[in-house]
Amino acid sequence: MDENQTIDQDRILKINIEEEMKSSYIDYSMSVIVARALPDVRDGFKPVHRRILYGMLGIGNTSNNPYKKCARVVGEVLGKYHPHGDSSVYGAIVRMGQDWNMRYTLVDGQGNFGSIDGDSAAAMRYTECRLSKMGEHVMDDLEKDTVDMTNNFDDTLQEPTVMPTKIPNLLVNGGNGIAVGMATNIPTHNLGEVVDGCCAYIDNPDIDTEGLMQYIKAPDFPTGAYIYGLQGVKDAYETGRGRIVLRAKSEIESDDSHDKIVVTELPYGVNKAQLVENIAELVKEGKIDGISNVNDESGRQGMRVVVDVKRDANANVILNKLYKMTAMQSSFSVNCIALVKGRPRLLSLKDCVRYFVEHRHDVTIRRTRFDLAKAEERAHIIKGLIIACDNVEEVVRIIRASKTPSDAQRNLERRFELDELQSKAIVDMRLAQLTGLRMDQLHAEYDELLRQISYLQSILDDPELCKKVMKDELLEVKDKYNDPRRTEIKPYEHEFNAEDFYPNDPVVITVSHLGYIKRTPLSEFREQARGGVGSKGARTREQDFTEYIYPATMHQTMLFFTRKGRCYWLKCYEIPEGDKNFKGRAIQNMLNIESDDSVNAMLRLSGLDDEAFVNSHYVVFATKHGTVKKTCLEAYSRPRTNGVIAINIAEDDEVVDVRLTNGRNELIMANRNGRAVRFDENSIRTMGRVATGVRGMRLDDGDDEIVGMIVVNNPETETVMVVSENGYGKRSQVNDYRITNRGGKGVKTLSITDKTGRLVAIKNVTDSNDLMIINKSGIAIRLSVAECRVMGRATQGVRLINLSKKNDVIASVCKVMSSELEATVEEESRAQWTQKQEDIAEDIVSGTVSESEESKE
């Protein structure tokens, strides 16, 4: 073996490749984490952003100077501070100037900086930039030794390790980045809210997350839209991780031809052009029906994406399908990881605020010390100049007698006990300073410096004063840059809200004598002329018939009241749907009703969650024996699975009718013998749920009983409609019934004869109403109230329906809206029912809704 081979072998070191890979990869990953991908908790910047801002400040590229080419800035940053690719630097500059990515832009860009449609910025040789006002505030007091400086990559220049920012930038502008083995995704916030939260922490360092959320309510994204639900926000603020649901801001515009869904704000990070393309693709594939066109009409006035809805489609249903199937509803996954003292940490909201406030405290103390040293140095020099001015003749003599300036300084130091700084200032002093005016100015400056020194020293000595200085500076920033919140908070969240998938169409709820319930679209019942024979109604068991019929809308809540005085709740869309021939489903299987009880009255309501509504309205009961009871609606506003006691019923009595009043209504009760009594509801005192009530109407001897009760809202426009069991009825003016005290026998409302039969129903109606009449044999008729003329109170009325079967009688009567008012929704009802079934099927496939929920529907 020759000598060269021996030398080469001596240079080879045998190492364990596994250990080398571990060591090298750890070095690489820490370099990415600390020096590239994660922001610092104090100023919220990654190194590239910090270097860009510092480089722009260094070349005077500030808000009060002309724009400079972005290529000029990129070259400055690359050559001095950031030896990486130019695309990374330019990309960071562009993002800091995009107002749909940054809540508050730090760079003022001129030229094509891209768009929310995903268009990229023009090349850096075409675009220009400069610092924004807020970008400058990030570097306030940088020259006052407020932060540590470090050498750049070639040790020729100094750069800041952190910015002395007055802006809580980590929270205000957020940030995202992918490191090695970890990633960060921090949402943007409103500056005013964050400043208020920081001030609250300064006042009370023990404040918890809930306390901070009184000020920092939720993220505030630059693109606006809605935050749906606060649970994800709370999770993110408490733990550093959470999922925030965002929804586009949209509204439905209607004109003569069709409806339009207009989207004006999108969730943060959603590409508008891709969204429009996605909607068009879903329509093309048949996954969303009812959309005729999608246009992007955005312009100078702002964003405007218009989705044209077909005439026969329901815009609300389509809107909810868009939320479900497109990026109009998306989520922001918060992962708040930032560098704390050079190490990555998962941070809560309080951690972010605490570290920023600590940084501001450190900056304030360092700046104060710097200003104090400068003030003391200047005061020391001014003191020497004042001594010279007070002894000007002798100073001139000493200087003239000295051979060199150095000799003059030494002679002055010996004569007046000065130091080198003072003596040099005296020697360098211009003759103009010896005038009386300048001497007065020196004394005034010295006094001001002494006051400034005292104030600066008190900041260092008094922690409370230091806190006040910090708060004042933060509030000054808030006054300059605060703006209204853009993202609206919707404090409730629901993955699946059944109401969103059902159009709020008019329906008819029917309950049979044996307790079968169903809902039928109102359009199923066509209007007939007075005196018609009706059409075939529901198929029922033998000796069963439709006993109660009520109009409602799909989104209303039905309150069911039983004969025995209990109350149950059910949403209208939860009631099984069927046509007129459908028997229905046993109500006993839907509500926990006792076997010997049955539903006898219903209320349909839309505002049970409105506190003001439920506290200003009342439920009035009428029983078969003439008892009435009035209870505040609030007592029935909290649904329970097993129902609640609604009224205490006597053993041989039962509930006949239940009405909703506003506290200022009048009531009319009618009995089977054709009499009615009218009285003010305030004659009934308000009672609790379990009360029995008071006498409302005195009945005749025998088998007399109450058949119904109506609420009079407007005596001038409403009329009283009464119907007898043999199909006769009539309308009378409300004022034909004089107001009396409750408990009376009343006055005649219908002349009862063998031909008419006894009274079965009383309703308050107007010309815009239709009347639904069903007899015990299942025949139903719908007729216009306007066809029944108003006549005297004591007449027997006119024939409303021909009873073709012997011994057939009227079973139930209700009023509904006229066919003209429902014309716009008649064709829509069946289409939306089909669409709803498809929605539920899709939810089952995707796992959103369980099969048990589907069977319930």
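Residues numbered from 1 in each chain as written. Predicted model: local features only at pLDDT ≥ 70, side-chain atom pairs only at ≥ 80, totals over all residues. Heavy atoms only, no water.

In the annotation of an unreviewed UniProt entry, the protein is listed under the name DNA gyrase subunit A and assigned to Leyella lascolaii. Of the protein, the UniProt comment under Catalytic activity (unreviewed entry) reads exactly: "ATP-dependent breakage, passage and rejoining of double-stranded DNA." Within the UniProt record for the protein, the comment given under Subcellular location (unreviewed entry) is "Cytoplasm". (UniProt positions renumbered as here; feature names shortened; annotations may be inferred.)

Participant: Teacher, can you tell me more about the side chain of Thr209 here?
Facilitator: Structurally, Thr209 can be placed in helix α9 (residues 209-212). Setting aside anything within four residues of it in sequence, one finds Thr209 in contact with Tyr237 and Glu238. (Helix = DSSP H or I, 4+ residues; strand = E, 2+ residues; numbered from the N terminus. Contact = heavy atoms within 4.5 Å.)

Participant: Sorry, what's going on with the side chain of Asn671 here?
Facilitator: Here Asn671 is to be found in strand β30 (residues 666-671). For Asn671, a relative accessible area of 0% puts it in the buried group. A distance of 2.8 Å separates a polar atom in the side chain of Asn671 from a polar atom in the side chain of Asp704. Excluding residues within four positions of it along the chain, Asn671 makes contact with Met697, Leu699, Asp700, Asp704, Glu705, Ile706, Val707 and Leu759. (Buried < 20%, exposed > 50% of the residue type's maximum accessible area, 1.4 Å probe, protein only. Polar contact = N/O pair within 3.5 Å; in protein donor to acceptor, adjacent residues only side chain to side chain.)

Participant: Whenever I open this one, the pattern of salt bridges confuses me. Can you help?
Facilitator: It is possible for side chains of opposite charge to pair when their charged atoms get near one another. Tallying each qualifying case throughout the model produces 51 salt bridges. A salt bridge links Arg486 to Asp483, with the nearest nitrogen and oxygen atoms 3.7 Å apart. Sharing partners across several salt bridges, the network here consists of Arg103, Glu193, Asp220, Asp483, Arg485 and Arg486. (Salt bridge = Lys/Arg side-chain N within 4 Å of Asp/Glu carboxyl O.)

Participant: Sorry if this is basic, but what is going on with the confidence of the model for the protein here?
Facilitator: Low-confidence regions, as indicated by low pLDDT, have predicted coordinates that should not be scrutinised in detail. A residue-level look at the protein finds 89% of positions with pLDDT of 70 or above and a mean pLDDT of 85. When pLDDT is averaged over each element of the protein, strand β3 (residues 128-131) comes out on top at 97 and helix α21 (residues 851-856) at the bottom at 35. Low confidence marks residues 533-540, where pLDDT is under 50. Its contacts with residues over four positions away, or in another chain, come to 33 contacts. Here residues 819-838 is a poorly scored stretch, pLDDT under 50, and it has 34 contacts once near neighbours within four places are set aside; other chains count. (pLDDT = per-residue confidence, 0-100.)

Participant: Even after reading the chapter, I still don't get the packing of aromatic side chains, so can you show me in this structure?
Facilitator: By convention here, two paired aromatic rings are described through the distance between centres and the angle between planes. Using the criterion set out here, one finds seven aromatic pairs in the structure. Where Tyr268 meets Phe332, the ring centres are 6.1 Å apart and the plane angle is 45°; that geometry is what we call tilted. Of this pair, Tyr268 sits in the loop between β11 (259-265) and α11 (272-284) while Phe332 sits in strand β14 (residues 329-335), placing them 64 residues apart in sequence. Judged by centre distance (5.4 Å) and plane angle (85°), the rings of Phe561 and Phe621 are edge-to-face. One end of the pair, Phe561, is in strand β22 (residues 557-562); the other, Phe621, is in strand β26 (residues 618-623), and 60 residues separate them in sequence. Exposure class is identical for Phe561 and Phe621. Each is buried. Ring-pair connections join several aromatic residues into one group, and the members of that group are Phe221, Tyr268 and Phe332. Lying across the ring of Tyr67, Arg130 places its NZ or CZ 4.1 Å from the centre. (Phe/Tyr/Trp six-rings, centres within 6.5 Å; stacked < 30°, edge-to-face > 60°. Lys NZ or Arg CZ within 6 Å of the ring centre and 35° of its normal.)

Participant: Even after reading the chapter, I still don't get a nonpolar patch on the surface, so can you show me in this structure?
Facilitator: A contiguous nonpolar patch, built from Ile26, Met30 and Val34 and spanning about 240 Å² of accessible area, is present on the exposed surface. With respect to the secondary-structure elements, Ile26 resides in helix α2 (residues 17-37). (Patch = residues over 30% accessible without salt bridge, like charges linked within 9 Å, V, L, I, M, F, W, Y side chains within 5 Å. Areas by Shrake-Rupley, 256 points an atom, 1.4 Å probe, with all protein chains shown as cover.)

Participant: Any chance you could explain the pairing of strand β38 (residues 769-775) here in plain terms?
Facilitator: Regular strands show a simple pattern: their side chains alternate between the two faces of the sheet. Among the seven residues in β38, seven count as buried, and that is most of the element. Side-chain alternation along β38 places Asn769, Leu771, Ile773 and Asn775 on one buried face and Asp770, Met772 and Ile774 on a second face that is also buried. Pairing analysis gives five bridges linking β38 to strand β39 (residues 779-784), with the strands arranged antiparallel. Paired with Met772 across the bridge in β39 is Arg782. (Pairing = 2+ DSSP bridges.)

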